[in-house]
Protein chains: 2
Amino acid sequence: MSARQLHLNVNILTAGFFNSAWRATTHGAEAFISADHYVRVAQAAERGTLDAIFLADVPAITERPAYRPFYALEPTVILAAVARATSHIGLIATASTSYNEPYNIARRFASLDLVSGGRAGLNVVTTADPRASRNFGFDDVAEHGARYERAAEFTDVVKGLWNSWEDGALVGDQASGVFADESRIHDLNHVGRHYRVQGALNVPRSPQGHPVIVQAGGSDDGRELAARHAEAVFSVANAIPDGKAFADDIRARAARYGRRGDEIVVLPGLATVIGATEEEARRREDWLWSLVPPEFAVQRVAKMLGVEPETLDLDQPLPGSLLGDAKGWQTFSRALVELSVNDGLTVRQLIRRIGGGIGHRLIVGTPEQIADDIAAWFHAGAADGFNLMPDVVPDGLDVFVDEVVPLLRRKGIFREAYAGSTLRAHFGLEKPAGRPRLRRAAG
Amino acid sequence: MSARQLHLNVNILTAGFFNSAWRATTHGAEAFISADHYVRVAQAAERGTLDAIFLADVPAITERPAYRPFYALEPTVILAAVARATSHIGLIATASTSYNEPYNIARRFASLDLVSGGRAGLNVVTTADPRASRNFGFDDVAEHGARYERAAEFTDVVKGLWNSWEDGALVGDQASGVFADESRIHDLNHVGRHYRVQGALNVPRSPQGHPVIVQAGGSDDGRELAARHAEAVFSVANAIPDGKAFADDIRARAARYGRRGDEIVVLPGLATVIGATEEEARRREDWLWSLVPPEFAVQRVAKMLGVEPETLDLDQPLPGSLLGDAKGWQTFSRALVELSVNDGLTVRQLIRRIGGGIGHRLIVGTPEQIADDIAAWFHAGAADGFNLMPDVVPDGLDVFVDEVVPLLRRKGIFREAYAGSTLRAHFGLEKPAGRPRLRRAAG
């Protein structure tokens, strides 16, 4: 087994990568609002010794509910329930820095971290959807740069609060009556442009110190935030050179913040449709695609590009003029336009290529093809692992765990068993130091 | 068995009613930051067919950590974990209307309600502690009336969001591809003095419709909020006439909002120390009291009254002049002063009477004495049940369940088994109607 090991995270996406996943799951359409669904996914991932499961999130109805599920149950509530039914799998939830207070987020994720024995991760997002802004007193989203400036200070505060307790501050001596050592609990006294937070946090540190910080933005602002704070980065890359360039860029930026390259794991998105033969996999893809109403697929693409659905011709590529507008867009939208313009894909082909949804790379093939692809990216330095998006969950994940994971183990790049019980242990990340004791400086 | 039935809720208070409870528990001092602790309490309560468990909360370190545990893990995170390990017990969590957005609270509690199969309750508080305000960008707490005005609008918005889905709006027909009936999901479009919230909520309704709304303020503002919104009220009452006057007042106020008396259950606080004989119970109380450091007890009383600890004489009653200041205080503080001045209790006796903590009624006695007392209050109309505060949890709760509950059942005032599986079913509350369909008015 080689020293460097692959990391695999499962992005649940309510019912799976395909917009039609809810129609294809064997567990019923209402699964996405049931804790049992997320427990099943987590237990499948844990059976495969995967690193973590991940819940994306937007605090609004962002899909057309007529057609498919949307982000519903609040992610930390789901993962607290999942924590009780699992013992090792990492639990990563998303929270918006635009519509929450940092004290509340620091506390809720520290709580999840303790309840799970040190398995929590916080995916920091700025939330670009205007429907969310209108649930929080705003008419529209703040400008991109302003959102990220706020997110950077927000994350500073959250980390500061997580480190406001030193390890060992909780004494808990029932005989003597000393509950905690107050000299090892520190106020934060943060006064910044957007936040004033006194602290200390009212939650002690967890077995992994504090939750792992995850970030997913591919814009310049997003990369800076990742370089400064993220310990795991979810990226979008459709070819090995893109993946390598992104990973190199993040590590170069991180170095400017005094961070080492191995303090960050970079995980490109990877959607999978698996069959015993390539033909079987293609038939499954056809079937999943046939279950997506075309009018909904066109609406989604139009929405991502900010154009009217009527302006899109199903049998033509996207207009090249859209490329010029791509600068301000989110990563997914840009990838979508590039895919269409560069490869000459018609809107119909494009929709199909992306499963009707988001611009991540999709492999349709056999377990061998998928394992070989993963190994190639891993060895090329284009990925430290993947943010997996099975076509349907848990169904497609079960197949990945049973058919692909054994091949990755045989290649010597993926663990046979968990070596630790925290998310940091799985990701190979160090436990962060709590706030240094002042007396250490003197002694 | 009489038609009217008693309701029993357990207020966990981290480790129990006594400030020394953490030293007395058989489960270790760190239990309060472990999900296992809350699961044990919930399973004990469920074994006794109690209605619910309750978590109070303040988003700050409000105790002196040197001396005792404080509210740490975020309550909905705890209760989501507890939901997985239980099947019937109600799960009531506290959230601050001053330091949260209503969309986030509506969503998180609706999520807990679905994850638990319809067992959630939301205790609405305005949070009076200045340490909390300083974790959210403020120098001090807002004035009492302003806090309650905001809380009333906050609760309006939360209820509106909970009712933005009609029952049955989630269709989930995998064969036809109809996921939801969008005509039965309604934006809220709330525009008020403090909040603008478009909606709809991104969580469908639960088996009980939406979480039960709980309120605990005894001030005039608090009673109005309870009368308008609360379905369960936690109160402070030290004698049957007080309890009856409070319950009558709440119901009279509720009638002015067009609500029926049976739409609200009134649950005074009741702390218990139980022994096989009264002498044994007194010895247990002495022991628990001996474990509270006196300097900490004095600090707590002084803090509740807003005076310096040095101004309190351990062997004198509180100065009668404090009674004049009582108007703006919280319920607990007022009860404390009245208890001392009216009964001539010295500060030392007062501290002992209240277990070093909060102004709720404490009974120290045998299971028979406690069951008789409960029945007397219940039959006098001074209580629909009690917000129980066992001396130590789960230890003191186990004894209550094993020794007191059978006596209450024998008296015919407490259930032998759960008749339903939702918190509303336990409390005898109706399922609230979702937003009425417009077409109903026409048809």
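How each quantity is defined
- Residues numbered from 1 in each chain as written.
- Chains lettered and ligands numbered in written order.
- Predicted model: local features only at pLDDT ≥ 70, side-chain atom pairs only at ≥ 80, totals over all residues.
- Heavy atoms only, no water.
- Helix = DSSP H or I, 4+ residues; strand = E, 2+ residues; numbered from the N terminus.
- Rg over C-alpha atoms; globule rule 2.2 N^0.38 Å.
- Buried < 20%, exposed > 50% of the residue type's maximum accessible area, 1.4 Å probe, protein only.
- Contact = heavy atoms within 4.5 Å.
- Areas by Shrake-Rupley, 256 points an atom, 1.4 Å probe, with all protein chains shown as cover.
- Lys, Arg positive; Asp, Glu negative; His and termini not counted.
- Charge placed at Lys NZ, Arg CZ, Asp CG, Glu CD.
- Phe/Tyr/Trp six-rings, centres within 6.5 Å; stacked < 30°, edge-to-face > 60°.
- Lys NZ or Arg CZ within 6 Å of the ring centre and 35° of its normal.
- Expected span 1.5 Å × (residues − 1).
- Domains from an automatic or database assignment.
- Buried area = accessible area lost by both parts, 1.4 Å probe.
- Salt bridge = Lys/Arg side-chain N within 4 Å of Asp/Glu carboxyl O.
- Pairing = 2+ DSSP bridges.
- Right-handed = clockwise from strand over helix to strand, strands pointing away.
- Axes fitted to C-alpha atoms, helices over the stretch in contact; angles between N-to-C directions.
- Parallel < 35°, antiparallel > 145°, perpendicular 65-115°, else oblique.
- Left-handed = near helix turned anticlockwise from the far one by under 90°.
- Nonpolar A, V, L, I, M, F, W, Y, C, P; charged D, E, K, R; others polar.
- Polar contact = N/O pair within 3.5 Å; in protein donor to acceptor, adjacent residues only side chain to side chain.

**Q** Please give an account of the overall build of chain A that cites residues and values.
**A** Along its length, chain A carries 17 helices and 13 strands. Taken over C-alpha atoms, the radius of gyration comes to 22 Å for chain A, in line with the 22 Å a tight globule of 443 residues would show. Taken along its principal axes, the extent of the C-alpha atoms in chain A is 75 × 50 × 40 Å. By the burial criterion, 63% of the 443 residues in chain A qualify as buried. Across chain A, the fraction of contacts at a sequence separation of at least 24, relative to all contacts at a separation of at least 6, is 78%. For chain A, the accessible surface area stands at approximately 15500 Å², while carbon and sulfur atoms represent 50% of it. Placing the 48 positive and 55 negative side-chain charges of chain A at their respective mean positions leaves the two points 4 Å apart.

**Q** Hey, could you go over the packing of aromatic side chains for me, with residue numbers and the actual values?
**A** Evaluated as defined, the whole model comprises 24 aromatic pairs over all chains. Note on A:Phe32 and A:Phe70: the rings are 5.6 Å apart at their centroids and 75° apart in plane angle, and the pair reads as edge-to-face. Taken together, the residues span a long stretch of sequence, with A:Phe32 in the loop between α1 (21-24) and α2 (35-47) and A:Phe70 in the loop between β2 (52-55) and α3 (75-84) at a distance of 38 residues. A relative accessible area of 1% means that A:Phe70 is categorised as buried. Clustering of aromatic rings is evident, with ring pairs tying together A:Trp22, A:Phe32, A:Phe70, B:Trp165 and B:Phe179. Over the aromatic face of A:Phe378 sits the side chain of A:Arg4, whose NZ or CZ is 3.9 Å from the ring centroid.

**Q** Explain helix α10 (residues 294-305) of chain A to me, using residue names and the numbers behind them.
**A** Side chains three or four residues apart in an α-helix point the same way, a direct result of the helix having 3.6 residues per turn. All names here are of chain A. Between its first and last C-alpha atoms α10 spans 17 Å; for 12 residues at 1.5 Å apiece the expected length is 16 Å, and the two agree. Those residues of α10 that sit buried are Phe296, Ala297, Val298, Arg300, Val301, Ala302, Met304 and Leu305. One or two steps after α10, the chain reaches glycine 306, where phi turns positive at roughly 70°.

**Q** An account of the domain arrangement of chain A is needed here, citing residue identities and associated values.
**A** Residue and element names in this part refer to chain A. Split by domain assignment, chain A resolves into domain 1 (7-273 + 361-433) and domain 2 (293-354). A C-alpha centroid distance of 28 Å is found between domain 1 and domain 2. Counting residues at the interface gives 16 residues for domain 1 and 13 residues for domain 2. Here domain 1 and domain 2 share an interface that buries about 1200 Å² over both sides, 55% of which is from carbon and sulfur atoms. Counting the surface domain 1 buries against domain 2, the share from its top three residues, Asn19, Tyr67 and Val236, is 38%. There are 0 salt bridges connecting domain 1 and domain 2.

**Q** Pulling in residues and values, what's your account of the pairing of strand β4 (residues 120-125) of chain B?
**A** Residues and elements named next belong to chain B. Most of β4 is tucked away, with 6 of its 6 residues classed as buried. Burial of the side chains of β4 extends over both faces: Ala120, Leu122 and Val124 are buried on one face and Gly121, Asn123 and Val125 on the other. Bridge count for strand β3 (residues 90-96) against β4 is 6 bridges, and the pairing is parallel. Residue pairing in the sheet places alanine 95 in a bridge with valine 124 of β4. Taken together, β3, helix α4 (residues 102-115) and β4 form a β-α-β motif whose crossover is right-handed. Sheet topology places β4 next to strand β9 (residues 212-215); 4 bridges connect them, and they run parallel. Residue pairing for β9: asparagine 123 is matched across the bridge by valine 214.

**Q** Explain unusual backbone geometry to me, and be specific about the residues and the numbers.
**A** Residue and element names in this part refer to chain B. Of the consecutive residues glycine 199 and alanine 200, the connecting peptide bond is found in the cis state with omega at -5°. Residues valine 393 and proline 394 are joined by a peptide bond in cis, for which omega reads 0°. Tracing the backbone through its elements, the reader meets proline 394 in the loop between β13 (385-390) and α15 (395-410).

**Q** Describe the pattern of salt bridges, and please don't skip the residues or the numbers.
**A** Summed over the entire model, instances satisfying the criterion amount to 62 salt bridges over all chains. Here B:Asp139 ties to A:Arg196 by a salt bridge, and the two come within 2.8 Å at their closest N and O atoms. Taken together, the residues span two chains, with B:Asp139 in the loop between α5 (130-133) and α6 (144-162) and A:Arg196 in strand β8 (residues 196-199). The exposure class assigned to B:Asp139 is exposed, which follows from its relative accessible area of 55%. Among the salt bridges present, the one from B:Lys431 reaches B:Asp167, with a minimum N-O distance of 3.6 Å. Of this pair, B:Lys431 sits in the loop between α16 (423-427) and α17 (438-442) while B:Asp167 sits in the loop between α6 and β5 (170-173), placing them 264 residues apart in sequence. A residue is classified by how much of its surface remains accessible, and B:Lys431, at 44% relative accessible area, is partly exposed.

**Q** Tell me about the packing of α4(B) against α6(B), and name the residues and values.
**A** How two helices sit against one another is set out by the angle between their axes and by the gap between those axes. All names here are of chain B. Contact pair α4 / α6: the axes reach a minimum separation of 9 Å and the direction vectors enclose 50°. Taken as axis vectors, α4 and α6 run oblique relative to one another. As α4 packs across α6, the resulting crossing turns out to be right-handed. Residues Pro102, Tyr103, Ile105, Ala106, Phe109 and Ala110 of α4 pack against Phe154, Val157, Val158, Leu161 and Trp162 of α6. A class-by-class count of the residues in the contact of α4 with α6 yields 11 nonpolar, no polar and no charged.

**Q** Describe the interface of chain A and chain B, and please don't skip the residues or the numbers.
**A** Contacts between the two partners involve 73 residues from chain A, matched on the other side by 73 residues from chain B. Both faces considered, chain A and chain B share a buried interface measuring about 6100 Å² in area, 56% of it formed by carbon and sulfur atoms. A per-residue breakdown of the area chain A buries against chain B is headed by A:Arg84, A:Gln174 and A:Phe179, which together make up 13% of the total. Inspection of the region where chain A meets chain B yields 8 salt bridges. The partner of A:Asp57 in a salt bridge is B:Arg107, with the nearest N and O atoms 2.6 Å apart. Connecting chain A to chain B are 43 residue pairs in polar contact (both at pLDDT 80 or more). When residues of the side of chain A that touches chain B are traced back to their parent elements, those giving at least two are α1, α2, α3, α4 (102-115), β5 (170-173), β6 (178-180) and β8 of chain A. Among the elements that line the side of chain A that touches chain B, the one with the most residues is α4(A), at 8 residues. For the side of chain A that touches chain B, the residue count by class is 42 nonpolar, 15 polar and 16 charged.

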